[in-house]
Amino acid sequence: GAGVSQSPSNKVTEKGKDVELRCDPISGHTALYWYRQSLGQGLEFLIYFQGNSAPDKSGLPSDRFSAERTGGSVSTLTIQRTQQEDSAVYLCASSQDYSQPQHFGDGTRLSIL
Amino acid sequence: AQSVTQLDSQVPVFEEAPVELRCNYSSSVSVYLFWYVQYPNQGLQLLLKYLSGSTLVKGINGFEAEFNKSQTSFHLRKPSVHISDTAEYFCAVIGGSGTYKYIFGTGTRLKVLA
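Not measured: the values here are computed from a predicted model.

Reading the values: rules and limits
Residues numbered from 1 in each chain as written. Chains lettered and ligands numbered in written order. Predicted model: local features only at pLDDT ≥ 70, side-chain atom pairs only at ≥ 80, totals over all residues. Heavy atoms only, no water. Helix = DSSP H or I, 4+ residues; strand = E, 2+ residues; numbered from the N terminus. Buried < 20%, exposed > 50% of the residue type's maximum accessible area, 1.4 Å probe, protein only. Contact = heavy atoms within 4.5 Å. Areas by Shrake-Rupley, 256 points an atom, 1.4 Å probe, with all protein chains shown as cover. Lys, Arg positive; Asp, Glu negative; His and termini not counted. Charge placed at Lys NZ, Arg CZ, Asp CG, Glu CD. Pairing = 2+ DSSP bridges. Axes fitted to C-alpha atoms, helices over the stretch in contact; angles between N-to-C directions. Core = buried A, V, L, I, M, F, W, Y, C linked by side-chain atoms within 4.5 Å. Polar contact = N/O pair within 3.5 Å; in protein donor to acceptor, adjacent residues only side chain to side chain. Phe/Tyr/Trp six-rings, centres within 6.5 Å; stacked < 30°, edge-to-face > 60°.

Here we take up the overall build of chain B. In terms of helices and strands, chain B carries zero helices and twelve strands. Ordered by position in the sequence, the α and β elements of chain B form the string β-β-β-β-β-β-β-β-β-β-β-β. In terms of principal-axis extent, the alpha carbons of chain B reach across some 45 × 30 × 20 Å. Looking at the 114 residues of chain B, the share that counts as buried comes to 46%. Within chain B, counting contacts between residues at least 6 apart in sequence, those at least 24 apart form 56% of the total. Of the roughly 5,600 Å² of accessible surface on chain B, 50% is carried by carbon and sulfur atoms. Measuring between centres, the 9 positive side-chain charges of chain B sit 8 Å from its 8 negative side-chain charges.

What follows covers the sheet that holds strand 3 (residues 19–24) of chain A. Residues and elements named next belong to chain A. Strand order across the open sheet formed by four strands is 1-3-7-6, with antiparallel pairing between neighbours. Two strands lie at the open edges of the sheet, namely strand 1 (5–7) and strand 6 (65–69), each paired on one side alone. Each neighbouring strand pair of the sheet contributes to a mean axis angle of 15 degrees, computed without reference to strand direction. By the bridge criterion, five bridges tie strand 3 to strand 7 (residues 75–79) in an arrangement that is antiparallel. By the bridge assignment for strand 7, Glu20 is matched with Thr78.

With that out of the way, let us pick up the nonpolar core. Membership of the largest hydrophobic core comes to 30 residues, with the highest contact counts inside it found for Leu33(B), Trp35(B), Leu48(B), Phe74(B), Leu76(B) and Tyr89(B). Breaking this core down by element, the ones donating at least two residues are strand 2 (10–14), strand 3 (19–21), strand 5 (31–38), strand 6 (44–50), strand 8 (64–68), strand 9 (73–78), strand 10 (87–95) and strand 12 (108–113) of chain B. Within the second largest apolar cluster, 20 residues are counted, among which are Cys23(A), Leu32(A), Leu77(A) and Ala88(A).

The next thing to look at is unusual backbone geometry. The residue after Ser7(A), namely Pro8(A), is reached through a cis peptide bond having omega -10 degrees. As for its placement among the helices and strands, Pro8(A) is situated in the loop between strand 1 and strand 2 (10–13). Residues other than glycine seldom take positive phi values, yet Asn61(B) does so here, at roughly 60 degrees. With respect to the secondary-structure elements, Asn61(B) resides in the loop between strand 7 (56–58) and strand 8.

Further remarks concern the side chain of Glu64(B). Residue and element names in this part refer to chain B. Note on placement: Glu64 falls in strand 8. With a relative accessible area of 18%, Glu64 lands in the buried category. A polar side-chain atom of Glu64 sits 2.8 Å from a polar atom in the side chain of Lys58. Apart from residues lying up to four places away in sequence, Glu64 is in contact with Leu48, Leu56, Val57, Lys58, His75, Leu76 and Arg77.

Quick look at the packing of aromatic side chains now. This model, assessed by the stated rule, comprises 16 aromatic pairs over all chains. With a centroid separation of 5.9 Å and an interplanar angle of 10 degrees, the aromatic rings of Tyr33(A) and Tyr35(A) are classed as stacked. Residue classification places Tyr33(A) among the buried residues on the basis of a relative accessible area of 0%. Pairing Phe104(A) with Tyr36(B) gives two aromatic rings, centres 5.5 Å apart and planes at 80 degrees, and the pair type is edge-to-face. Residue Phe104(A) is located in strand 9 (residues 103–104), and its partner Tyr36(B) is located in strand 5; the two belong to separate chains. Assigned by exposure class, Phe104(A) and Tyr36(B) land together as buried. Grouped by ring-pair contacts, the aromatic residues Tyr33(A), Tyr35(A), Phe45(A), Tyr48(A), Phe104(A), Phe34(B), Tyr36(B), Tyr102(B) and Phe104(B) constitute a single cluster.

None of the figures reported here should be taken as evidence of function without further support.
Given below as structure tokens:
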């Protein structure tokens, strides 16, 4: 079946521009996570959605970062006024619920010039 | 706060030799533990998981891990590695009251040498 789909796969933009990253989770998965993977830094948790509950935004690094999940399915991560330190691979994962293994997308490689 | 420590950033090992990748976590409550693998230029995939029950869990590709509550460890082992096991391995923990946040370690790069 279809896995987690992320788009775009690569994004190059100028410093100061806004970007939107999209995640289509596996159908029926109620939990959705966003992570940031920087070289040598492992995976940094950004935000977690579980069903209709309020998201856990405790990992968002600044107020330039926001995310939403519409209809309990597709999620969009938005970064406003991008900075060079935002360059990283942004990963999305979904799972049936928080205790179950996560299924990861291939990520969006974001490069800020 | 929970944390996950993978002390070895890189582990070189010869083909057919055994390997152990170490993972320690800090938590005062019950946790769920996972190992994920990321092969070169690929996404992360689950290797194995511990939710409850037997402390020795077996995963894909001949890997296994043992949950040791007293030592708060979840080390990953394989008795004989192949070149194809070259990848980055991440330990992750989730649990604790009120949090559903996965905490990942910084990863261990396993390089299998011919």
